[in-house]
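The chain contents come next:
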Amino acid sequence: MLDAKFIRKDPEAVRAGLAKRNTKVNLDLFLSLDEKRREIIRKAEQLKNKRNTVSQEIARRKKEKKDTDAIIAEMQQVSRDIRSMDEEARETEEQLNNILLTLPNLPHESVPVGKDDSDNEEVRRWGTPTQFSFEPKAHWDLGEDLGILDFGTAAKVTGARFTFYKGLGTRLERSLFTFMMDLHSMKHGYTEIFPPFMVNRRSMIGTGQLPKFEEDAFKVEGTDYYLIPTAEVPVTNMHREQILDGAQLPIRYCAYSACFRSEAGAAGRDTRGLIRQHQFNKVELVKFVKPETSYDELESLTNDAEDVLKELGLPYRVVNLCSGDLGFSAAKTYDLEVWLPSYQRYVEISSCSNFEDFQARRADIKFRDGAKGKPQYVHTLNGSGVAVGRTVAAILENYQQEDGSVIIPERLRPYMGGIDRISK
RNA sequence: GGAGAGAUGUCCGAGUGGUUUAUGGAGCUGGUCUUGAAAACCAGUGACGCCGCAAGGUGCCGGGGGUUCGAAUCCCUCUCUCUCCGCCA
């Protein structure tokens, strides 16, 4: 969330930043509540001071066997006043917090201003869109023809937007996330994490999914648990309510998890294939860094994610999301988009973001330099490294052959038990 | 799921209504001593949040609520940890 002190000090800057994201907010209400809260606290604390000193006075007088009835009667009223003021302060604070929790992050100055994804800025390309001397098939057809993907059975057993992987399809899926975890942990120096796939509500608020996007999440009925939409949630919240030692930063984690998304509002979009599922696998990169390094760390995080696609030989491009397309918590985001022949365009396969102190403030994650340093908020970053299901789709489509078989990228063959091709 | 025990400052560990507005130790910082270090001794140091320009004030003893003029201390409730029993991949 945004810093209340900053909003108080420079509301114009906040209005301007949010306007770039097409977010209109009424800061006047916030500002008046903020003033009200401080006023109540000032008065309540004066009374508390009185209560503390008089309580000691009462203790003294009782010891000396002096009469205390009059002061106690007076203090009863003071105590009542304190109680009602505390209550009013608490309510005001809650209102303030509710506003703060629904305000998105401010875009970084290097983010292009724009309305929607058509205003995103292409940063670079790697490889060239795959050319075919025959009519290429979509991955859902390839997968079903090869007997490695089964959407119909999943629809019966569970419902729409779920998939059974079978045989070498299963092996391809698990080869991919094992390869990705190896790459990030061994080559890029991230610490491997295997997180819980459910988290409590507090964690969902910490990273920004809640309270605003309740309809996007799956909640486990009768509990306080949510299925994670990304490993970002459990991994970032590992350090929630902690003060980290500055000497340990940057902390870098890579985590494999299944991800669960309700895809509310996506009806009719990407209904075929692996692109938009309620459950998918992903390897996620998460960093905790000092503020002054976070934009360099975003570049290297993006490079680490790109490395996956390079090693697999998949053509992609990097896009700097414009202000209007930015996610709720992000100050800046690079999307990696892989070439998908069936779509005849680049499709998002990774999203790498710097959240600055937005999540750290929500989740209360700080660091301290030296023993006497003042605790300050870390910057958090994360990025997919990368979405596994979409990688399977990209491999099937980009590596397909005229006879309907699919070549396995060389880098993956050791993980596939030496298999170099999937055919009927 | 049942029974019991526990949660106090960086750590260990006292404290069961009013000079505890948290005892004591360890640690940390500085000093004395020493060629240097260790040890010993002396002094200092107590998280974190909020209000305030500041001085200072205020809150905080797992979380929340209550009783009281006054709560780490009493009551209710929740969470987590440990031990035992049951069940279980």
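Quick note: structure is the one above.
Residues numbered from 1 in each chain as written. Chains lettered and ligands numbered in written order. Predicted model: local features only at pLDDT ≥ 70, side-chain atom pairs only at ≥ 80, totals over all residues. Heavy atoms only, no water.

(A) Inspection of the overall build of chain A at higher detail. Secondary structure summary: chain A contains 12 helices and 17 strands in total. Its C-alpha atoms give chain A principal-axis dimensions of about 100 × 45 × 40 Å. Burial status across chain A gives 50% buried among its 424 residues. Nonlocal contacts in chain A, meaning residues at least 24 apart in sequence, comprise 73% of its contacts between residues at least 6 apart. By element, 48% of the accessible surface of chain A is carried by carbon and sulfur atoms, the whole surface being about 20,200 Å². Across chain A, the centroid of the 62 positively charged side chains sits 5 Å from that of the 66 negatively charged ones. (Helix = DSSP H or I, 4+ residues; strand = E, 2+ residues; numbered from the N terminus. Buried < 20%, exposed > 50% of the residue type's maximum accessible area, 1.4 Å probe, protein only. Contact = heavy atoms within 4.5 Å. Areas by Shrake-Rupley, 256 points an atom, 1.4 Å probe, with all protein chains shown as cover. Lys, Arg positive; Asp, Glu negative; His and termini not counted. Charge placed at Lys NZ, Arg CZ, Asp CG, Glu CD.)

(B) Up close: the pattern of salt bridges. Scanning the entire structure with this criterion turns up 36 salt bridges. With a closest N to O distance of 3.5 Å, Lys115 and Asp116 form a salt bridge. According to the relative accessible area criterion, Lys115 is exposed, its value standing at 56%. The partner of Asp357 in a salt bridge is Arg361, and the shortest N-O contact between them spans 3.2 Å. Its relative accessible area of 15% is what places Arg361 among the buried residues. (Salt bridge = Lys/Arg side-chain N within 4 Å of Asp/Glu carboxyl O.)

(C) Local environment of the sheet that holds strand β14 (residues 376–377). Taken in spatial order, the three strands line up as β7-β13-β14 in an open sheet, and their pairing is mixed. What marks the edges here is a single partner per strand, and that holds for β7 (242–245) and β14. Sheet analysis places β7 next to strand β13 (residues 365–368), joined by four bridges and oriented parallel. By the bridge assignment for β13, Leu244 is matched with Phe367. (Pairing = 2+ DSSP bridges.)

(D) Representation of the protein's contact with RNA strand B in the model. Taken together, 24 residues lie around RNA strand B, and Asn49, Gln76, Ser79, Arg83 and Arg368 are the ones closest in. In RNA strand B, the atoms that sit within 4 Å of the protein are 74% sugar and phosphate, with bases accounting for the remainder. Here a phosphate oxygen of RNA strand B and a side-chain polar atom of Arg38 are 3.0 Å apart. Interatomic distance of 2.4 Å between a side-chain N/O atom of Arg83 and a phosphate oxygen of RNA strand B. Breaking the surface near RNA strand B down by element, the ones donating at least two residues are α1 (4–9), α3 (27–63), α4 (69–102) and β13. (Near = heavy atom within 4 Å. Polar contact = N/O pair within 3.5 Å; in protein donor to acceptor, adjacent residues only side chain to side chain.)

(E) Geometry of the side chain of Arg276. By secondary structure assignment, the location of Arg276 is in the loop between β8 (251–260) and β9 (279–289). Overall, the relative accessible area of 15% leaves Arg276 in the buried class. Dropping the residues within four chain positions of it, Arg276 is found in contact with Arg161, Glu263, Ala266, Arg269, Asp270 and Arg390.

(F) Layout of the packing of aromatic side chains. Under the definition given, this model contains 11 aromatic pairs. Taken together, a centroid distance of 5.8 Å and an interplanar angle of 20° make the contact between Trp126 and Tyr316 stacked. On the criterion of sequence distance, the pair formed by Trp126 in strand β1 (residues 121–126) and Tyr316 in strand β10 (residues 316–320) is long-range, its members being 190 residues apart. Residue classification places Trp126 among the partly exposed positions, given a relative accessible area of 32%. A relative accessible area of 1% places Tyr316 in the buried class. Here the aromatic rings of Trp339 and Tyr346 are separated by 5.1 Å at their centres, their planes lie at 75°, and the arrangement is edge-to-face. In this pair, the class of Trp339 matches that of Tyr346, namely buried. Ring pairs connect the aromatic residues Phe177, Phe194, Phe197 and Tyr256, which therefore count as one cluster. (Phe/Tyr/Trp six-rings, centres within 6.5 Å; stacked < 30°, edge-to-face > 60°.)

(G) The arrangement of the packing of helix α2 (residues 11–20) against α3 in detail. It is the contact of α2 with α3, at a shortest axis distance of 11 Å, that shows an interaxial angle of 145°. Taken as a pair, α2 and α3 cross one another with a handedness that is right-handed. Seen from α2, the contacting residues are Pro11, Val14 and Arg15; seen from α3, they are Leu27, Asp28 and Leu31. Of the residues assigned to the contact of α2 with α3, the class counts are four nonpolar, no polar and two charged. (Axes fitted to C-alpha atoms, helices over the stretch in contact; angles between N-to-C directions. Left-handed = near helix turned anticlockwise from the far one by under 90°. Nonpolar A, V, L, I, M, F, W, Y, C, P; charged D, E, K, R; others polar.)

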